[in-house]
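# Remarks on the overall topology
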Amino acid sequence: MGEMKAIVNFGNVPVGSRIIMDRLNTSARLMIVSDLDHTMVDHHDSENLSLLRFNALWEANYRHDSLLVFSTGRSPTLYKQLRKEKPMLTPDITIMSVGTEITYGNSMVPDDGWVEYLNQKWDKDIVREETSKFPEELTLQAETEQRAHKVSFYVKKDKAQAVTKALSEALEKRGLDVKIIYSGGIDLDILPQGAGKGQALAYLLKKFRTEGKLPVNTLVCGDSGNDAELFSIPEVHGVMVKNAQEELLQWHAENARDNPKIIHAKERCAAGIIEAIGYFHLGPNLSPRDVGDFLECKLENVNPGHEVVKFYLFYERWRRAEVAHSEVYIASLKANSLPSGVFVHPSGLEQQLTDRISALGSHYGDKQGQQFRVWVDRVLASEISSDAWLVKFNKWELSGEERQSCVTTAILSLKGSSISDGFTWVHVHQTWLERSEGKDESAWIV
Ligand SMILES: [Mg+2]
């Protein structure tokens, strides 16, 4: 691990991390730090089922008191592209470009302290100048992959070793301290010595410790060589997903074989992450997507977030005809809606909540056999009285190739005297977040 001594003054925590620090009053119950490609995201699962299972588990049981961190080799450009292609949640913290960029929240506010730390013994201009002396061997990658603290090339396998050695010497002579990573038999990344997925996580943990908010448990998740650094951080639990590459398994065999806090999962990608949550007893590990019938759902994990996840999962199954075509369901939803409650459709149309539920009743099976998935992101509830919550979330709907989403605000109140009696939906208000132009707005049901 690189030394952290030069990290900037913690008394003056930058605005970005304040967004995260202030959301939780105490330590996060669980912090998941996950790689994306072939770990959180399974590129061989066109239905994205394990990712959707993880999403439902996270939003129903963890979002309110835990932290989700994505750590990827992707640049912001390629990361945003992946988010458009896959049903991914919004993480609290995003670590990109092989641990050279740390950003916070949905608006991705950069961590200035990390930038300052990486600036030591680093000068991108010098790196560009020295690398330009190898025009035969080095091919510059796309401009989007060139970042403030990462310069990336393509290099043929037979040239890699010699170029790496020559560059290290040249850059050291120029007073820089760099890390050169060759991966996948083609990519050559030059980073400051202090950068990397492991160092970025160590920096975050140190920051949380200084604030007195060290997560109760941290679980790191990865599949390939550049994730090994994550597993070398002391105190964290780790899962190498089933489909982990040989290079990571070999690193584990040589360096961490006796560490009981690291497992090689039996399941692929996000399913392996859920498996690890259960194996290490880090909290609930039953995804609402694995619960067949919500009318029989146990009421142990009841909270407003769980209620929202449960409702939209039912909605998906109703339209896919994956639950029985029974009026009992619609009657139960109506019984859970305030008779005078209002639903504001993103088009602006206002309707009684119960009328909207009746409308949903007539859409049974209209997406049967089609690509149709629904998920919710950023589900956050705030208590507005002793028995009511204002719940805000983004609801996403994938239908065929089209993805649409709404910012949704709902008021839920307690149905009885205790939380285990469940909730009454009092009010729902939706506003378009992302919508395909020219699409019929009435196709959006709830
Ligand atoms: Mg990966």
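Residues numbered from 1 in each chain as written. Predicted model: local features only at pLDDT ≥ 70, side-chain atom pairs only at ≥ 80, totals over all residues.

### Observations regarding the pairing of strand β2 (residues 67–71)
Rule in force here: Three exposure classes are used. Buried residues have 20 or more other C-beta atoms within 10 Å of their own C-beta, exposed residues have 12 or fewer, and partly exposed residues fall in between, all C-beta atoms being placed from the backbone. Strands here are runs of E lasting at least two residues and helices are runs of H or I lasting at least four, both read from the DSSP assignment and numbered beginning at the N terminus. For two strands to be treated as a pair, DSSP must find no fewer than two bridges joining them. If you view a crossover with the strands going away from you and the path from the first strand over the helix to the second runs clockwise, you call it right-handed.
Of all 5 residues that make up β2, 5 are buried, and the element is covered over most of its length. Here β2 shows a buried face lined by Leu-67, Val-69 and Ser-71 and a second buried face lined by Leu-68 and Phe-70. The sheet contact formed by strand β1 (residues 30–34) and β2 spans 4 bridges and is parallel. Its bridge partner lying in β2, Ile-32 is registered against Leu-68. Regarding the hand of the β-α-β motif, the stretch spanning β1, helix α2 (residues 49–61) and β2 is right-handed. Pairing geometry for β2 and strand β3 (residues 93–96), over 3 bridges, is parallel. The residue of β3 that forms the bridge with Phe-70 is Thr-94.

### Some points on the packing of helix α12 (residues 327–335) against helix α13 (residues 353–361)
Here is the rule we go by: With axes taken as lines fitted to C-alpha atoms, and helix axes fitted only over the stretch in contact, angles between N-to-C directions fall between 0 and 180 degrees. Angles are sorted into four bins: roughly parallel if under 35 degrees, roughly antiparallel if over 145, roughly perpendicular if 65 to 115, and oblique for all others. The sense of a crossing depends on the near helix, which, turned anticlockwise from the far helix by less than a right angle, makes the crossing left-handed and, turned clockwise, makes it right-handed. Each residue gets a C-beta atom placed from its backbone, and two residues are in contact if those atoms lie within 7 Å.
Running from amino to carboxyl end, α12 crosses α13 at an angle of 165 degrees, the nearest separation of the two axes being 9 Å. When the axes of α12 and α13 are compared, the pair comes out roughly antiparallel. α13 is crossed by α12, and the crossing has right-handed handedness. Residues Ile-330, Leu-333 and Lys-334 of α12 pack against Thr-354, Ile-357 and Gly-361 of α13.

### Side note on the UniProt feature "domain: Sucrose phosphatase-like" (unreviewed entry) in the protein chain
As a reminder, the rule being used: UniProt positions are given in the numbering used here, feature names are shortened, and annotations may be inferred rather than shown by experiment.
In the UniProt entry, the feature "domain: Sucrose phosphatase-like" (unreviewed entry) is given for residues 29–281. Between the C-alpha atoms that bound residues 29–281 the distance is 12 Å, and the span itself is 37% helix and 20% strand.

### Looking at the pairing of strand β11 (residues 237–240)
With burial as the criterion, each face of β11 is covered, one bearing His-237 and Val-239 and the other bearing Gly-238 and Met-240. Where strand β10 (residues 217–222) lies against β11, 4 bridges are found, and the strand directions are parallel. Residue pairing across strands places Gly-222 opposite Met-240, the latter belonging to β11. Across 3 bridges, β11 lies against strand β12 (residues 262–264) in parallel orientation.

### Observations concerning the nonpolar core
This is how it is decided: Definition of nonpolar core: a set of buried Ala, Val, Leu, Ile, Met, Phe, Trp, Tyr and Cys residues joined via C-beta atoms within 7 Å.
One finds Ile-32, Val-69, Ile-273 and Val-308 to be the most contacted residues of the largest nonpolar core, which totals 102 residues. Those residues in contact with Val-308, other than ones at most four positions away along the chain, are Val-376, Val-379, Val-391, Phe-393 and Ala-410.

### What about the sheet that holds strand β15 (residues 372–385)?
Spatially, β14-β13-β18-β17-β16-β15 is the arrangement adopted by the 6 strands of the open sheet, whose pairing is mixed. A single partner strand is all that each edge strand has here, and the edge strands are β14 (350–352) and β15. Across the sheet, the axes of successive neighbouring strands diverge by a mean angle of 15 degrees, strand direction being ignored. Note: strand β17 (residues 402–414) against strand β18 (residues 423–434), 10 bridges, orientation antiparallel. Counted as the bridge partner of Leu-412 is Trp-425 from β18. Contacts from helix α11 (residues 304–319) reach β15, β16 (388–399), β17 and β18 within the one sheet, and its direction differs from that of β15 by about 155 degrees.

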